[in-house]
Amino acid sequence: MGYFTNQIGYPADILSSRSIIKRDNYALIPPEGLVRNIIPGFDNCDITILSTPKLGASFVDYLVTLHHDGGNKQGFGGDEVETFVYVIEGGVTASADTTAHELTQGGYLYCPAGVMLRLANNNAGKSSKVFLYKRRYQRIDGYQAHVVCDNINNLEKIHYEGMDDVILQDLLPKDIGFDMNMHILSFKPGASHGYIETHVQEHGAYILSGAGVYNLDNTWVPVKQGDYIFMAAYVPQAGYAVGKEEFSYIYSKDCNRDVEI
């Protein structure tokens with residue numbers, strides 16, 4: 001198994017962790033303590049599983065490091081499962097069925113249900129790192145999703161809730177055919193949400209840069225680059241950027257569907 005961060009041997013201090021696990025509520029998962037998982041189809045990859053239904057999520061998030069000749073040729077998703085990959089570092093060839101796309105840092109590919117996602121590292125012998133997502137698609141009559149491939153450098157920067165120092169980017173279309181979206185939220189130093197949110201949508205968020213203090217169920221928790229946050233439905237949530245760098249994270253959100261009873 002082994003640590004995802006390649007940490008070996010005894011620690012320099014007492015055993016401790018910043019991890020917080022509140023199943024069906026929220027979780028903070030720092031990189032220290034993550035372990036490698038063996039998953040069929042992924043070769044020459046270090047992969048760790050983050051949110052799952054065991055934690056209370058309706059989706060599964062992963063962090064994947066693709067080494068030399070690493071990837072997934074077998075295919076990921078398909079049938080009734082939609083998938084999404086975002087390049088954190090390096091570059092990959094990401095294919096939607098047989099259509100290949102060359103993705104660099106900030107690039108992403110969404111594959112709707114029925115389309116297989118395949119990955120191959122193309123970073124000139126160096127490793128690449130990606131954020132990977134899957135979810136069972138909720139179909140509705142008359143609508144369907146489609147393949148989306150782009151890079152965040154091409155996307156509109158929206159002033160979130162009218163605030164100049166908080167920027168939102170929508171990675172997928174605002175289209176009823178899509179039952180989820182991916183966003184990147186970026187805070188200038190000292191910026192914050194305008195209010196503490198409480199809503200039915202759940203999130204899985206990977207922190208791309210900087211540091212912040214996040215309100216999770218009215219507990220303020222320090223977070224930083226490399227941390228992962230799960231937020232279940234109706235968990236009070238909001239964040240502040242702290243320090244001198246921009247605080248940003250990519251996160252998923254279920255949307256465009258009524259609640260089933």
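Worth saying up front: this structure is predicted, and the values here are computed from it rather than measured.

Engineer: Would you explain the environment of tyrosine 110 in this entry?
Structural biologist: Along the chain, the position of tyrosine 110 falls in strand β8 (residues 107-111). Judged by relative accessible area, tyrosine 110 falls into the buried class, the value being 1%. Taking the C-alpha atoms as reference points, tyrosine 110 and serine 95, separated by 15 residues in sequence, lie 9.9 Å from one another. Each residue touching tyrosine 110, except ones within four places of it in the same chain, is listed here: Glu82, Thr83, Phe84, Ala145, His146, Val147, Val148, Leu172, Phe178 and Met180. Within the structure, the side chain of tyrosine 110 is placed 2.6 Å from the side chain of glutamate 82, a separation counted as a polar contact.

Engineer: It is not clear to me how the nonpolar core should be interpreted in this structure. Could you clarify?
Structural biologist: Most often, soluble globular proteins keep nonpolar side chains buried together rather than apart. By size, the foremost hydrophobic cluster in this structure holds 56 residues, and its most contacted members are Phe84, Tyr86, Phe131, Leu171, Ile229, Tyr249 and Ile250. For this core, the leading source of residues is strand β14 (residues 180-187), giving five residues. Apart from the residues lying within four places of it in its own chain, the contact partners of tyrosine 249 are His183, Ile184, Leu185, Phe187, His193, Ala205, Tyr206, Ile207, Leu208 and Tyr214. Phe42, Tyr62, Val64 and Leu66 belong to the second largest nonpolar core, which has 22 residues in total.

Engineer: Quick question: what am I supposed to make of the UniProt feature "domain: (S)-ureidoglycine aminohydrolase cupin" (unreviewed entry) in the protein chain here?
Structural biologist: Cross-referencing UniProt, the feature "domain: (S)-ureidoglycine aminohydrolase cupin" (unreviewed entry) maps to residues 56-115 in the present numbering. The straight-line gap between the two end C-alpha atoms of residues 56-115 is 26 Å; of that span, 0% is helix and 75% is strand.

Engineer: Help me out: how do you make sense of the side chain of histidine 203 in this one?
Structural biologist: Secondary-structure assignment places histidine 203 in strand β15 (residues 203-209). There is a polar contact of 3.5 Å between the side chain of histidine 203 and the side chain of histidine 199. Apart from the residues lying within four places of it in its own chain, the contact partners of histidine 203 are Phe59, Ile229, Phe230, Met231, Gln237, Tyr251, Ser252 and Lys253.

Engineer: Would you explain the packing of aromatic side chains in this entry?
Structural biologist: Any pair of aromatic rings gets described here by the distance separating the centres and the angle formed by the planes. Within this structure, the stated rule accounts for 13 aromatic pairs. Here the aromatic rings of tyrosine 214 and tyrosine 249 are separated by 5.9 Å at their centres, their planes lie at 70°, and the arrangement is edge-to-face. With a gap of 35 residues between them, tyrosine 214 in strand β16 (residues 211-216) and tyrosine 249 in strand β20 (residues 247-254) connect regions that are remote in the sequence. With relative accessibility at 2%, the residue tyrosine 214 sits in the buried group. In this structure tyrosine 249 comes out as buried when scored by relative accessible area, which is 4%. By way of ring pairs, the aromatic residues Phe187, Tyr214, Phe247, Tyr249 and Tyr251 are connected into one cluster.

Engineer: In this structure, what is going on with empty space enclosed by the protein? I would like to understand it.
Structural biologist: Empty space among the atoms becomes apparent when a probe as large as a water molecule is rolled across them. Applying the stated criterion to the full structure yields one cavity of 30 Å³ or more. Approximately 30 Å³ is the volume attributed to the largest cavity. Lining the largest cavity are Phe59, Tyr133, Arg135, Met180, Glu202, Ser252, Lys253 and Asp254. For the lining of the largest cavity, the secondary structure elements donating two or more residues are β10 (128-136) and β20. No other element matches the three residues that β20 contributes to the lining of the largest cavity. Here the residues of the lining of the largest cavity are counted per class, giving three nonpolar, one polar and four charged.

Engineer: Explain the UniProt feature "domain: Cupin type-2" (unreviewed entry) in the protein chain here, please?
Structural biologist: UniProt's entry tags residues 185-249 with the feature "domain: Cupin type-2" (unreviewed entry), counted in the numbering of this structure. Here residues 185-249 runs as 0% helix and 54% strand, with 6 Å between its end C-alpha atoms.

Engineer: Please clarify how the sheet that holds strand β1 (residues 20-22) should be interpreted in this entry.
Structural biologist: In a beta sheet, neighbouring strands are held together by backbone hydrogen bonds and run either parallel or antiparallel to one another. Reading across from one edge, β1-β2-β18-β15-β20-β14-β13-β12 is the order of the eight strands in this open sheet, with antiparallel pairing throughout. Since the sheet does not close on itself, it has two edges, and those belong to β1 and β12 (158-159), each with one partner. Inspection of the sheet shows β1 paired to strand β2 (residues 26-29) by three bridges, in the antiparallel sense. Across the sheet, residue isoleucine 21 finds its bridge partner in β2, namely alanine 27.

Engineer: Before we go on, may I ask you to explain the pairing of strand β4 (residues 59-77) in this structure?
Structural biologist: A regular strand carries its side chains on alternate faces of the sheet. The pairing of strand β3 (residues 43-49) with β4 spans six bridges and is classified as antiparallel. By the bridge assignment for β4, threonine 48 is matched with leucine 63. Where β4 lies against β10, eight bridges are found, and the strand directions are antiparallel. Note on β10: the bridge partner recorded for valine 60 is lysine 134. Bridge count for β4 against strand β9 (residues 116-121) is four bridges, and the pairing is antiparallel. For phenylalanine 76, the partnering residue across the bridge sits in β9 and is leucine 117.

Engineer: Where do I start with unusual backbone geometry in this structure?
Structural biologist: Negative phi characterises most residues that are not glycine, and trans characterises most peptide bonds. Of note in this structure, aspartate 69 is not a glycine but carries a positive phi near 65°. As for its placement among the helices and strands, aspartate 69 is situated in strand β4. Unusually for a residue other than glycine, asparagine 256 sits at a positive phi of about 65°. Asparagine 256 sits in the partly exposed class, given a relative accessible area of 33%.

About the criteria used
- Residues numbered from 1 in each chain as written.
- Predicted model: local features only at pLDDT ≥ 70, side-chain atom pairs only at ≥ 80, totals over all residues.
- Heavy atoms only, no water.
- Helix = DSSP H or I, 4+ residues; strand = E, 2+ residues; numbered from the N terminus.
- Buried < 20%, exposed > 50% of the residue type's maximum accessible area, 1.4 Å probe, protein only.
- Contact = heavy atoms within 4.5 Å.
- Polar contact = N/O pair within 3.5 Å; in protein donor to acceptor, adjacent residues only side chain to side chain.
- Core = buried A, V, L, I, M, F, W, Y, C linked by side-chain atoms within 4.5 Å.
- UniProt positions renumbered as here; feature names shortened; annotations may be inferred.
- Phe/Tyr/Trp six-rings, centres within 6.5 Å; stacked < 30°, edge-to-face > 60°.
- 1 Å grid on protein atoms, 1.4 Å probe; cavity = no way out; pocket = protein on both sides within 12 Å on 5 of 7 lines; lining within 4 Å.
- Points joined across faces, edges and corners; volume = space filled by probe spheres on them.
- Nonpolar A, V, L, I, M, F, W, Y, C, P; charged D, E, K, R; others polar.
- Pairing = 2+ DSSP bridges.

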